[in-house]
Structures are given as structure tokens and as C-alpha cells.
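Chain and residue survey
If you want the building blocks of each chain, they are given just below.
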Amino acid sequence: MQHLRPTIIAVILADLCALLLAFGAAYLLRELVGSFMPQTNYFRLLPIILCFIPLYAAFGLYPGLLMAGPEQLKRFTISSSIGVLFFSAFFFIGQIGTSYSRLFLLLFWLALLVAMPAFRYIARKFFGRFTWWGYPVLFFGNGNITEILAKHLRRHPELGYRALGIFNLDEKTGNIQG
């Protein structure tokens, strides 16, 4: 797991960027509709978005590289919804619910559902070119299929695998060639 630390940090940074973008977009859209709330009241909420990171971790989204797209989207949707519900509960329990717009929460949630997968995709495309990104793999097999698979993964590092080598089994001699 030690080799994945830079990958996990990069994914967390992408998620933080998505959270900030969703927060900012929700705030700006709420202002366009008409808000009588001072900016400083909303910016006091920014530290709360850090609570989403452990929530995403609890749903197995770090590093999340090998998870199928639909499964990752499902986990994002569920965990983000729980996070926004946490926000709402915080407002209600703290008796500050009237100080913040329910429309803001709805817009934040919707923006988050769009921003999270988009920023994960951008992170995969950008960081995939670095040698520390993804899981290192070795291929064992015979024939061209292992070479084709390794070439495919080298062309698409955003998939989360880093092909290190190929070992072919020579069927005639039983020797391994690499």
C-alpha cells in the first residue's frame, strides 16, 4: 500500500477540488437567484466539506482506481448524499437552519454529483502519465495476448495499472522468457 500513497494523495486533492468547485458553484447560483445572506456566513461552512474525505474513504473510494465506473458512481452518489444530509443535520441541530438556504444545499449536492466524477476523470488522465500512478503489474502467459494487454495498459495509464513486464511460457521447452 506504501507505493499507492502518492496516488491516494492525488485522488484526494482531485476530490477536494471537486468539493470546492461544487461549493462555489452552489453559492454563485444561489446568489443569482437572490440571497440576502452575507458571504461570510457561507464561507464559514467551508471546513465542513473536509468531512467528505473520510466519508469517501469509508465507502472505499481511495484510491478507487480499479473500481468499475458504475460502482464508483454509485458510491459517490450515496456518500455525497449522506454528506449533504450531514450538512442538513448540522444546520438543524445547531439551530442555524434558517441562516442558510435549502436551495444552496440542493445546488451543492447536484454540483457535487457532476463535479466528483469529472475531477476523478481529469486526475486519472493527468496523473496517469507519472510512474507512481496506479498498481504495478506483471503479466504471465503465452502468446501475443499478454503483449497486447500490456501495450493497451501502457497506452491507457488512467486505468490504474502500470505494466512492468511480460513473462511468456514457451510451450515447447517449458521455459519462461521475459
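Worth saying up front: this structure is predicted, and the values here are computed from it rather than measured. (Residues numbered from 1 in each chain as written. Predicted model: local features only at pLDDT ≥ 70, side-chain atom pairs only at ≥ 80, totals over all residues. Heavy atoms only, no water.)

By size, the foremost hydrophobic cluster in this structure holds 37 residues, and its most contacted members are Leu-19, Phe-52, Tyr-56, Phe-87 and Phe-108. When sequence neighbours within four positions are dropped, the list of residues in contact with Tyr-56 reads Asp-15, Leu-19, Leu-61, Tyr-62, Phe-76, Ser-79, Ser-80, Leu-112 and Met-116. With six residues, the next largest nonpolar core counts Val-137, Phe-139, Leu-153 and Ile-166 among its residues. (Core = buried A, V, L, I, M, F, W, Y, C linked by side-chain atoms within 4.5 Å. Buried < 20%, exposed > 50% of the residue type's maximum accessible area, 1.4 Å probe, protein only. Contact = heavy atoms within 4.5 Å.)

Looking now at the confidence of the model for the protein chain. On average, residues of the protein chain carry a pLDDT of 85, and 87% of them reach 70 or more. Mean pLDDT values over the elements of the protein chain span from 60, in strand E3 (residues 176–177), up to 96, in helix H3 (residues 52–58). (pLDDT = per-residue confidence, 0-100. Helix = DSSP H or I, 4+ residues; strand = E, 2+ residues; numbered from the N terminus.)

Across the interface, helix H4 (residues 69–93) lies against helix H5 (residues 102–127) with an axial gap of 10 Å and an inter-helix angle of 145 degrees. As H4 packs across H5, the resulting crossing turns out to be right-handed. Seen from H4, the contacting residues are Gln-72, Leu-73, Phe-76, Thr-77, Ser-80, Ser-81, Val-84, Phe-87, Ser-88 and Phe-91; seen from H5, they are Leu-105, Phe-108, Trp-109, Leu-112, Leu-113, Met-116, Pro-117, Arg-120 and Arg-124. Of the residues contributing to the contact of H4 with H5, the split by class is twelve nonpolar, five polar and two charged. (Axes fitted to C-alpha atoms, helices over the stretch in contact; angles between N-to-C directions. Left-handed = near helix turned anticlockwise from the far one by under 90°. Nonpolar A, V, L, I, M, F, W, Y, C, P; charged D, E, K, R; others polar.)

What follows concerns the environment of Leu-46. Within the fold, Leu-46 resides in the loop between helix H2 (39–43) and H3. Once residues lying within four places of it in the same chain are set aside, the contact partners of Leu-46 are Leu-20 and Phe-23.

Evaluated as defined, the whole model comprises 16 aromatic pairs. Ring geometry for Phe-23 against Phe-104: centres 5.2 Å apart, planes inclined by 80 degrees, an arrangement best described as edge-to-face. Residue Phe-23 is located in helix H1 (residues 5–33), and its partner Phe-104 is located in helix H5; the two are separated by 81 residues in the primary sequence. Across the pair, Phe-104 and Phe-23 agree in class, each one buried. (Phe/Tyr/Trp six-rings, centres within 6.5 Å; stacked < 30°, edge-to-face > 60°.)

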